[in-house]
Structures are given as structure tokens and as C-alpha cells.
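Spelled out, the chains give:
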Amino acid sequence: MKIQLHNTLTGKREDIDPENKGKSGFYCCGPTVYGPAHIGNFRTFLLQDVFRRVMEMEGINVHHVRNLTDVDDKTIRQSLAENMSLADFTEMWTVKFHADCEQLNMRAPHDEPTATGHIKEQVDLIERLIDANHAYVAQDGSVYFRITSFSEYGRLSNLDQRETQTQATSSSGDRNDADEYDRETVADFALWKAHKEEDGDNAWDSPWGRGRPGWHIECSAMSMKYLGESFDIHGGGIDLCFPHHENEIAQSEAATKKPFARHWFHCAHLMVDGGKMSKSLGNLYTLEDLVAKGYPAQVIRYLLISGSYRQSLNFTFQGLQAAQSGIQKLEKTVANLCQSAEINKNEFRGLSKKAPNGEMEFFQKSREDLCHDLNTSACLGNIFSTLKKLSIETPDKAPLRTALEELATILEALGIQLIFEKEDGDKDDIPPEVNELAEKRWQAKQDKDWEAADQLRDELQHKGWKILDHKDGYDLEKA
RNA sequence: GGCGCGGUAGCCAAGUGGUAAGGCCGGGGUCUGCAAAACCUCUAUUCGCGGGUUCGAUUCCCGCCCGCGCCUCCA
């Protein structure tokens, strides 16, 4: 089935990979590893993960690259502050990032290049730009991209040159004032930054002296190295549109004279309580924060992908709660259907497969939602409505099995793993005294001693256990 | 100021030129000694406001109001 995605560059929904069948280069701007990624970062990475999964479901061979920015002002500043080498410092946060990704059930990219691991590629690219007169060396040994040499500049973010230049003049403030004297135009951006005192030992040799790469150049150099000078899809948060992606396009296309990424895939931001998430407002959450509050990573994943990617999603705890209830409903319904189909629910996940060439019988709508501009929200909606129909119409085992296979396939594309509770092993976790109370209460109930039974039930409640009665017995569940 | 996104039930959120998916919460019911759980079921004559086009607009056009984001290194 054809996959379509809105392209920021053209403002239209376009087919993905219409010509280069079966193979797709997908580059994502990854995190700067100077601290724990927050759930806003993860919303983007998660949506990218879903998109990759959708392509894979449809049989496209994706080459997924996501970089790690391991040298910039923040990483340098923090590592120095913590008295660690830049390498050790960024390694520490990379490990943390990977652990978070795994918890969130994200597929690892095929390549995860680092900026410091690709100094040579970046230097080479900068040299090409200087040779082509698209870049120049400033007095201090920094190298800048000459944006007036690239007439397409501003196309992605719809800024014309006059605008970018006046904007730069009026808003650059004093942050980069030292650089400004060296630049031909204030809007020119750094490809290579000459070494400064505050960088410590973090500098590399280059034809222009010691220094370090500017931020934008790493993505150009690394995407081209792993995916070629032109590739299919480039993704990131909407905030990267300008200047980061604009700069990437300028650098790359000026150097290669070829179109860079064909398709630009931008995710809207996650908001918190209706506004931007920021450290200073104290509303910046990490995965760890939420897990510590008792929300499983799967629930967080569900919430973060439950809104469509072009729409900003407002994070609230009420929303998290809703996500938790939603995923639980999904789990119960699937467990019931598995029972009807005489399938062990633990084998449910294994039922997923690649999507068929033709249509799905039951979950085609959900599949189309995913393929048509990654409409995760509609996809989930259609999952629920299809499930409702299924449980009412209760078809025979064979069609039910087909339905479950399709559902497993869709959920695999969403990366949602259902966790079925009350597995056989779980009973062991019940403390003996709790079991004893529950037994007593059951006995009292059999004896129709309601008062005693209710009292015991309250007691169990206090100990944090809930009784789920059914006809000829009961289950215990942690409250 | 420029660019972009959005305003749909208590909350979250799809969507289409033909009369409003889904989730959460809440109500009702079945079950139960009562609960809980589970299952079933109900909840927007209406889609920010005012015009226009149309047989018909939430969906297209114009204007207005409100919210949010980006505007040089934040996913």
C-alpha cells in the first residue's frame, strides 16, 4: 500500500518513495546528549519510530539513521562543569538515552553516527564549500556559510532572504557579538568554530586551525555519508525547520549541486498545560519522572503517539490517565478475543506479519490511517470501533484469528505492546497473609456472613489488594 | 511585525461538500448479598464568531475574535 506523508518543503501530502521501490533512506535529527531527553523529544522520536514501522509493515526496506550530537556549547559546558571528559560525559547520556528508547519500545536506528566520530567528513564537506565559494574563513579561523551564495535559502521555512537577514540583524542580540565582526552577513552561520577559551580541550585540527564543527554541518555530512547525497526522508521536530534544516539544505545542496532530502517530515511540539515545556517553568518531564510516578513506559508511548504528528499535543496527567485506561481496555478486549479464538494471549504479539499486498479484512481502515499521513489518532479510533464490531458479531474462530493477526500487525506498527496481567506466575507475588485474609473472606462470603466478609475486604483494601469476585472464586489484584 | 498551526461534547481527539470516528470521565443496565471487576448501553440537531458560494458547509471563500509555536544553534 502506498505511503503518503505531508512534505514541509512543498506543503503537500506526497507519496513516499514512488520511484525507488523497496528502499528508503530516512534520516532523523537525534538528541544532543547533555542530559536526559524529555518527553517532548521522545514524542518526535516515537513518531519517527512509528513511521519507520509503518514503512516496514508495508514491505519497504528502510535505512534509518539518527545522529547523536555530542559536541556543542551545552555538552562542552556541562562536561566541564562536571569535570568529565566530553567523551565520557556524552557517553553517559547516550547510555541513558538508549535505555529510555528501549523502554519505549523504539526500534534502534541502523546507524547512529556521532558528530565527534565524523570530524573528517565534516571538514571535507566544509572544504568543498570553501572551494565552491559558498563558504569563507574568518580572521579567527572560523568558517562561515555565505547564505547570499545560495539563492534557495529560506525555501523550507518560507522566508525570503531579505527577511532572514533583517531578522538576524534585529534579533541576534549580543549572544554572538564576537562572531559578528567576522561575518560578511549576520545571517551567515558557522560551519566551523575556531577554538575558544571556554571550550577547554575540546578541539580538533582542521585546515583552518583548531576548532570544532558547527552544529548544522554534522547532519549534512553524516546523512550524506550513510544515505547518499540525495535521499528520501529527513525528519525532526518542527523547531528544527529553521534554521537547522534550512542550513542543512543550503550546505548540502551548495556542495553537491543535487537535491538533498526529497521529503521533510516535521513533528509538531509537545506542550505541557497548554504552553511550551521548559525547565524554568518546571513542567519538563523525562521518562524517568513519569515512570517514577507509576506510569508504565508503554502508557507514555501510547499517549505520545495518540495525537497526529502535525498537531501539537498537550501533555497533562489527565491525558496520561486516559491513555492508561485506553491501553487497558485494549488489553482486555484483545484478551477476550484471544480466548474466543482459542489463542493463547501471550502469543498474540507473535501473530503480526507484514501487511498483505491486497486489503486487510478487518483492520484495513486503521492501516490506511497509518499510511495516509501517519494518522495515528484516527488509527487508534478505528482500532476501537473495529474491536467493538468484532466482539458483538463474534465471528467464527478462523476469521477471528485473521482479525487478531491484522490487529497484531497494526499494533506492531504503532509499537504498542499489550501487557497481559494475571499471568500464571503472578500469583506467587501475593504475600501469604494476604492470601489468608482473602481465603477467610471467601469463606465468610460462602457462609453469608456479609459483615465479616466486608470487613475482611476492607482490610485487604488497606493492604493494597483488590478482590475481583467471579462466580466460583476470586482473583487478587494489586490496587 | 513575518512565517506556520489550531479553535469540534466535561476533558483529549479524528473527520468529510450531504448532514458529527474513537478514547477518557460521567449516567443507565446485566451480574452481585452489597461492592469491585467484567460485559452491554447512553451522552454534540451541532463543529470560535459574522458574512458569502451552494440544493446543501463543520468541511470551500472573505472578514473578525481567541489560543499556541517558530523567527540563528530548543525534538
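The preceding data block contains the structure.
Residues numbered from 1 in each chain as written. Chains lettered and ligands numbered in written order. Predicted model: local features only at pLDDT ≥ 70, side-chain atom pairs only at ≥ 80, totals over all residues.

### With respect to the sheet that holds strand 8 (residues 211–213)
The strand order 5-6-7-8 describes an open sheet built from 4 strands, whose pairing is antiparallel. Single-partner strands in this sheet number two, and they are strand 5 (135–137) and strand 8. Adjacent strand axes in the sheet meet at a mean angle of 20°, parallel and antiparallel pairs treated alike. In this structure, strand 6 (residues 143–145) lies alongside strand 7 (residues 189–194), joined through 3 bridges in antiparallel fashion. Bridging from a neighbouring strand, Y144 pairs with A190 of strand 7. (Pairing = 2+ DSSP bridges. Helix = DSSP H or I, 4+ residues; strand = E, 2+ residues; numbered from the N terminus. Axes fitted to C-alpha atoms, helices over the stretch in contact; angles between N-to-C directions.)

### Quick word on the pairing of strand 14 (residues 465–470)
Burial of strand 14 is sparse: only 0 of the 6 residues sit out of reach of the surface. As judged from the 6 bridges shared by strand 14 and strand 15 (residues 473–478), these two strands associate in the antiparallel manner. When the sheet's bridge partners are listed, I467 is paired in strand 15 with L476. Hairpin connection, strand 14 to strand 15: the antiparallel pair is bridged by 2 residues. (Buried ≥ 20, exposed ≤ 12 C-beta atoms within 10 Å, placed from the backbone.)

### Some thoughts on the nonpolar core
The biggest cluster of nonpolar side chains holds 109 residues, and the ones touching the most others in it are L46, V50, V54, I126, L191 and L404. For this core, the element with the most residues is helix 1 (residues 39–57), which contributes 10 residues. Looking at which domains feed residues into this core, each of domain 1 (17–267) and domain 2 (275–414) supplies at least three. Within the second largest apolar cluster, 5 residues are counted, among which are I76, L86, F89 and A115. (Core = buried A, V, L, I, M, F, W, Y, C linked by C-beta atoms within 7 Å. Domains from an automatic or database assignment.)

### Description of helix 12 (residues 364–371)
Taken together, the buried positions of helix 12 are occupied by S366, R367, D369, L370 and C371. Taken together, the buried residues of helix 12 touch strand 1 (4–7), helix 1, helix 13 (376–393) and helix 14 (397–414). Looking at the residues trailing helix 12, positive phi occurs at D373, about 65°. (Contact = placed C-beta atoms within 7 Å.)

### Topic: the packing of helix 4 (residues 119–131) against helix 7 (residues 215–227)
Remark: helix 4 packs on helix 7, axes separated minimally by 9 Å, with the N-to-C direction vectors making an angle of 105°. In terms of axis orientation, helix 4 runs roughly perpendicular to helix 7. Together, E121, Q122, L125 and I126 of helix 4 and I217, E218, S220, A221, M222 and K225 of helix 7 make up the contact between the two elements. In terms of residue class, the contact of helix 4 with helix 7 is built from 5 nonpolar, 2 polar and 3 charged. (Parallel < 35°, antiparallel > 145°, perpendicular 65-115°, else oblique. Nonpolar A, V, L, I, M, F, W, Y, C, P; charged D, E, K, R; others polar.)

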